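# Observations on the model geometry
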Amino acid sequence: MRAVVLHEFGPPANLRVADVPTPRPAAGEVAVQVAAAGIQFLETQVRAGTMPGALGGARLPVILGKEIAGLVTEVGPGGDPALIGTRVLASTAGLGGYAETAVVPAETLVPVSDGLGLPEAVALYRYGVTAQGLIRAARVTAGDRVLVLAAAGAVGTVLVQLLKRAGATVVAAAGGQRKLALLRELGAGHVVDYTQPGWTDQARAGGPVDVVFDHVGGAPGRDAFELLTPGAGRQIIFGFSSGAPLDVRPAELVGRGLTLTGFSAGFLWRRPALARELATEVLDLAAAGQLTPVIGQRFPLDRAADAHAAIEARGTVGKTLLIP
């Protein structure tokens, strides 16, 4: 089969397509013919060599890729043969998704209804679970004014829509008119370009901010922190895509009565039943036409390097997929 192989850490060009043996499932696993594989920002960092620990001890060469959608083609010993031919979402054990066939733990399978395309399903899969988990962690209620940083990204585009459904007023921050136009279409009440001077004045114009969802950190995260309502504001940190963490001192939290919460979707995925429940909620909304999957970019396997380069250049919107 064809797969995207990383032989050494470095630039996107180090991702190259090669013919490799087709994997076979062991007990507790199934093989999936991949219709679409999602690319995560974390995988660009792994490829670059800045987060080798995310490989879990695996040695190069490796096939990256965690989230996939496709058809079950084989079950491991003792597996349920009725799964063969079913449309599913699944997570690999951490590697193997950038390929024509991937082996995944059977416990990660999430059925996909015929009313939703497989690429659309994988666009909502892991980041839909993240978005649902974030909203629960922030205790968002109707009437809250919520600022989403990097709102045009894969998590942000789902967050904006789910927050609107929850009755929140959404302030969506992104860079560039293309992204702002998309966020208006998704229902954001206000949009601001946080790459421009004075963006916080625009964000503040509609009133105080109750909640900030921050995947950026650094200066934008700090600017957003200053917008929080004293006595009730809370900022949820779930990444540092700027390359720098949010700089906040404990005394500032106490003095202004604010809450700062760290969030990792990994804790959700360690509870497979909960992750499956959250994923199903999102998929059902999409199948009913109440949630729009945003696929900004689709690349064939032999252009995986271009896909990584586009993500690193911050030129993408929504989800970026590889299509074998």
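Analysis parameters
- Residues numbered from 1 in each chain as written.
- Predicted model: local features only at pLDDT ≥ 70, side-chain atom pairs only at ≥ 80, totals over all residues.
- Heavy atoms only, no water.
- Helix = DSSP H or I, 4+ residues; strand = E, 2+ residues; numbered from the N terminus.
- Buried < 20%, exposed > 50% of the residue type's maximum accessible area, 1.4 Å probe, protein only.
- Contact = heavy atoms within 4.5 Å.
- Areas by Shrake-Rupley, 256 points an atom, 1.4 Å probe, with all protein chains shown as cover.
- Lys, Arg positive; Asp, Glu negative; His and termini not counted.
- Charge placed at Lys NZ, Arg CZ, Asp CG, Glu CD.
- Salt bridge = Lys/Arg side-chain N within 4 Å of Asp/Glu carboxyl O.
- Pairing = 2+ DSSP bridges.
- Axes fitted to C-alpha atoms, helices over the stretch in contact; angles between N-to-C directions.
- UniProt positions renumbered as here; feature names shortened; annotations may be inferred.
- Arc of directions from axis to C-beta.

For the protein, an unreviewed UniProt entry supplies the name NADPH:quinone reductase and the organism Amycolatopsis deserti.

### Some details on the overall build of the protein
The helix and strand tally for the protein stands at 10 helices and 15 strands. Overall size of the protein, expressed as C-alpha extent along the three principal axes, is 60 × 40 × 35 Å. Considering the protein as a whole, with its 324 residues, one finds that 52% of them fall into the buried category. Contacts in the protein between residues at least 24 apart in sequence constitute 69% of all its contacts with a sequence separation of at least 6. Summed over all atoms, the accessible surface of the protein reaches about 13500 Å², with 54% contributed by carbon and sulfur. In the protein, the 28 positive side-chain charges and the 27 negative ones have mean positions that sit 3 Å from each other.

### Describing the environment of Thr 101
Among the secondary structure elements, Thr 101 is positioned in strand S6 (residues 101-105). When its relative accessible area of 15% is taken as the criterion, Thr 101 is described as buried. Between the C-alpha atoms of Thr 101 and Ala 309, which are 208 residues apart in sequence, the distance is 24 Å. What Thr 101 contacts, discounting residues up to four positions off in sequence, is Met 1, Thr 22, Pro 23, Ala 31, Val 32, Gln 33, Val 34 and Gly 96.

### Focus on the pattern of salt bridges
Here the idea is simple: oppositely charged side chains can pair when their charged atoms come close. According to the stated counting rule, one finds 13 salt bridges in the structure shown. The salt bridge involving Arg 2 is made with Glu 100; its shortest N-O contact spans 4.0 Å. Of this pair, Arg 2 sits in strand S1 (residues 2-6) while Glu 100 sits in the loop between strand S5 (87-91) and S6; the two residues are 98 residues apart in sequence, bridging distant segments of the chain. Under the relative-accessibility criterion, Arg 2 is labelled partly exposed at 30%.

### Notes on the sheet that holds strand S10 (residues 190-193)
Across a sheet, paired strands are connected by hydrogen bonds in the backbone, their directions being either parallel or antiparallel. If you walk across this open sheet you meet the 6 strands as S10-S9-S8-S11-S12-S13, and the pairing is parallel. Both edges of this open sheet fall to S10 and strand S13 (259-262), since each of them pairs with a single strand only. On average, adjacent strands in this sheet sit at an angle of 15 degrees to one another, irrespective of strand direction. Helix H6 (residues 218-225) contacts strand S8 (145-148), strand S11 (211-214) and strand S12 (234-237) of the sheet and is inclined by roughly 160 degrees relative to S12.

### Remarks on the UniProt feature "domain: Enoyl reductase (ER)" (unreviewed entry) in the protein
Under the local residue numbering, the UniProt record ascribes the feature "domain: Enoyl reductase (ER)" (unreviewed entry) to residues 10-322. Secondary structure across residues 10-322 comprises 32% helix and 23% strand; the distance between its end C-alpha atoms is 20 Å.

### Concerning the side chain of Asp 144
Tracing the chain through its elements places Asp 144 in the loop between helix H2 (118-138) and S8. In this structure, Asp 144 is in contact with Arg 139, Ala 168, Thr 169, Asp 210, Val 211 and Arg 234, ignoring residues within four places of it in sequence.

### Brief notes about helix H4 (residues 177-185)
Turning to H4, its buried residues number three or more, namely Lys 179, Leu 180, Leu 182 and Leu 183. Projection of H4 onto a plane perpendicular to its axis shows the buried side chains occupying an angular sector of 160 degrees, all on one side. Every exposed residue of H4 that faces more than 90 degrees away from the buried side is listed here: Gln 177, Arg 178 and Glu 185. Where H4 is buried, its residues contact helix H3 (154-165), strand S9 (169-174) and S10. A positive phi of about 105 degrees marks Gly 187, the residue just after H4.

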